[in-house]
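Residues per chain are reported as follows:
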Amino acid sequence: MSALRSFNPATGEELGSVPVTPPERVQAVVAEVAAVQPFWAALPLGDRARYLERAAQVVIDEGDQIRDLIVTEQGRPRNEALSMEVLPSIDALDWIARTGPEVLAAERLPTDQLYLRGRSAAVAFEPLGVVAVLSPWHDPWSVALGQIALALMAGNGVVLKPDSLTPLVGERIARAFTRAGLPDGLLRVIHGPGTDAALVDSEVAKVFDHRSEDDGGGAPALVLADADLEHAVAGILWAAFANAGQSGSGVARVYVMEEVAEEFVDRLVEAARRLRVGNPLEWETEVGPMSSPEQLEHVRELVHEAVAGGAALLCGGPLDGTYFAPAVLTGAAREQIPGPALTLVTVASEDEAVALANELRVARAASVWAGDGTKGELFAAELQAATVWVNDHVPSPVHTRFDLYEYTERRLRVDKRYTIRDPWWHPYDETLGKALRQGAAVLYGRPSIRASALRDGAVPLLKLAIRLFAGAHVRRRRPAHVPTPNNL
């Protein structure tokens, strides 16, 4: 079996290798996970949560090793690997384990609609089955681990396909869950060319592809005239150049009001020049290498094209090896630059800033920087992004209950409490038709017609009631100690 080799982007040295999965074997892997998944889905929500709690403890116990694996395979500085990968994953596991049982418990529904009266109704959140997680190279640990945890909490099995730049991180994720005691075969990892397409084409219930949301970066930031510039510069600088500008929702373009543009640009350029570029294993390093030579060349070409198109490069550019000093450009670049290159655009009005930001069609994040928080929130509401920050910008996964719902199928469960025939059952006759017609007027008609409807429908309604209640009896309730599926 061939192997996929992993390399340190800072030094070029080989870190290790993983076996390649032949594309024709992918469906068999999915089927093997599917054979295990029903047993996992049958566990109570609280039991699933305990596995995630144990996984969080594994990550805590092995955090230093996990941190340095991310550093050496993906290139993030040590402090960022901790703050933006390891810690968010622990937090996600903890939140999902604590919140998941409550969020995914069956939700009782009011039964005051006609077709639910006399019944017990609930929405059950059931697992999809086997899901695929395709993780990105720029956030290889926290994104994949968070999505796997969501899937497992919801009762699914998972097939993980890490990016080919970070296969060892993908394997370490699976190892963390294995050490937490996850049932063997419930989470599988595949590697190699062609496996992405094979997985998408397989019989998985759903594909969660976090590589296609962006190419690293691309989020806009709006700096309003009343913004605290010291705070805005510090926050945007970090959100733009953390992870060498490769984070999935990092800031790539800033729209700044012309009243404060000159001062903002001067402060930002000065701060960008002070960022320390170097070996990501050194604690003082603030910008590490690009994740691959190909990524570096891509960014270099985009910066060159931007300058050729009229943008001004105020600082930064390619260095030796795979390093790229933080670059700040003014003027419009035609494309978003998925690396340590930040474009600043001066705008004449707030409306112009919002319009230009929305032209980017950002899928994930944006931010507004304003002295007046209420005003910032108003402009945040106009931005077309999944997450909008006000006076902050965090290019890291943030989970909500809606993320858990994405890994479930919602089903309505209705339990009839009495064995009374429904009025619309057979046999059909004129009495049924008149009773239904007049009954609708009595229940839903305007007040002025209800009395006459009741008078005209009294006889057919009485006949129908006698027919329905003949032989009816109350169902015996299930003993409280007998378990029912999905808490229903």
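Heads up: the structure comes first, above all this text.
Bear in mind the structure is a predicted one, so any value in this text is a computation, not a measurement.

**Some thoughts on the overall build of the protein**
In step 1: For the protein, the count of helices and strands is 15 helices and 16 strands.
In step 2: Over its C-alpha atoms the protein spans a radius of gyration of 29 Å, topping by over 25% the 23 Å that the globule rule assigns to 488 residues.
In step 3: In terms of overall dimensions, the protein has C-alpha extents of about 90 × 60 × 35 Å along its principal axes.
In step 4: Put simply, the protein has 488 residues, and 51% of those count as buried.
In step 5: Pairs at least 24 apart in sequence give 76% of the contacts found in the protein among residues at least 6 apart.
In step 6: Accessible surface, the protein as shown: approximately 22,900 Å² in total, 53% of it carbon and sulfur.

**Focus on unusual backbone geometry**
In step 1: His426 connects to Pro427 through a cis peptide bond whose omega is 5°.
In step 2: By the secondary structure assignment, Pro427 is in the loop between strand 16 (408–416) and helix 14 (430–444).
In step 3: Phi is positive for Asn243, close to 60°, though the residue is something other than glycine.
In step 4: Summarising the element assignment, Asn243 is placed in the loop between helix 8 (229–241) and strand 10 (251–257).
In step 5: We classify Asn243 as buried; its relative accessible area is 2%.
In step 6: One non-glycine residue, Ala244, lies in positive phi territory at about 50°.
In step 7: Along the chain, Ala244 falls in the loop between helix 8 and strand 10.
In step 8: For Ala244, a relative accessible area of 2% corresponds to the buried category.

**So, the packing of helix 2 (residues 45–61) against helix 4 (residues 78–103)**
To characterise two packed helices, one gives the angle between the axes of the helices and the distance between these axes.
In step 1: Closest axis-to-axis distance for the helix 2/helix 4 pair is 8 Å, and the angle between their directions is 165°. One way to sum up the angle between helix 2 and helix 4 is to call them roughly antiparallel. For the pair helix 2 and helix 4, the crossing hand works out as left-handed. Judged by residue contacts, Leu45, Gly46, Ala49, Leu52, Glu53, Ala55, Ala56, Val59 and Ile60 of helix 2 engage Val86, Ser89, Ile90, Leu93, Ile96, Ala97 and Pro101 from helix 4.

**As for the sheet that holds strand 3 (residues 107–109)**
In step 1: Strand order in the open sheet formed by 3 strands is 3-4-16, with antiparallel pairing between adjacent strands. Here the strands that pair on one side only, and so sit at the sheet edges, are strand 3 and strand 16. Strand-to-strand, the axes of this sheet are offset by a mean angle of 25°, without reference to chain direction.
In step 2: In this sheet, strand 4 (residues 119–127) lies alongside strand 3 in antiparallel orientation, the contact comprising 3 bridges. Across the sheet, the residue bridging to Glu107 is Val123, located in strand 4.

**What about helix 12 (residues 373–380)?**
In step 1: Three or more residues of helix 12 are buried, namely Gly376, Phe379 and Ala380. Buried residues in helix 12, looked at end-on, bunch into an arc of 105°, giving them a common side. Turned more than 90 degrees off the buried face of helix 12, the exposed positions are Thr374, Glu377 and Leu378.
In step 2: Tucked inside the fold, the buried residues of helix 12 contact helix 11 (350–359), strand 14 (365–369) and strand 15 (387–390).
In step 3: A distance of 3.0 Å separates the backbone nitrogen of Thr374 from a side-chain oxygen at the start of helix 12, and that oxygen is part of Asp372.

Procedures and definitions
- Residues numbered from 1 in each chain as written.
- Predicted model: local features only at pLDDT ≥ 70, side-chain atom pairs only at ≥ 80, totals over all residues.
- Heavy atoms only, no water.
- Helix = DSSP H or I, 4+ residues; strand = E, 2+ residues; numbered from the N terminus.
- Rg over C-alpha atoms; globule rule 2.2 N^0.38 Å.
- Buried < 20%, exposed > 50% of the residue type's maximum accessible area, 1.4 Å probe, protein only.
- Contact = heavy atoms within 4.5 Å.
- Areas by Shrake-Rupley, 256 points an atom, 1.4 Å probe, with all protein chains shown as cover.
- Axes fitted to C-alpha atoms, helices over the stretch in contact; angles between N-to-C directions.
- Parallel < 35°, antiparallel > 145°, perpendicular 65-115°, else oblique.
- Left-handed = near helix turned anticlockwise from the far one by under 90°.
- Pairing = 2+ DSSP bridges.
- Arc of directions from axis to C-beta.
- Polar contact = N/O pair within 3.5 Å; in protein donor to acceptor, adjacent residues only side chain to side chain.

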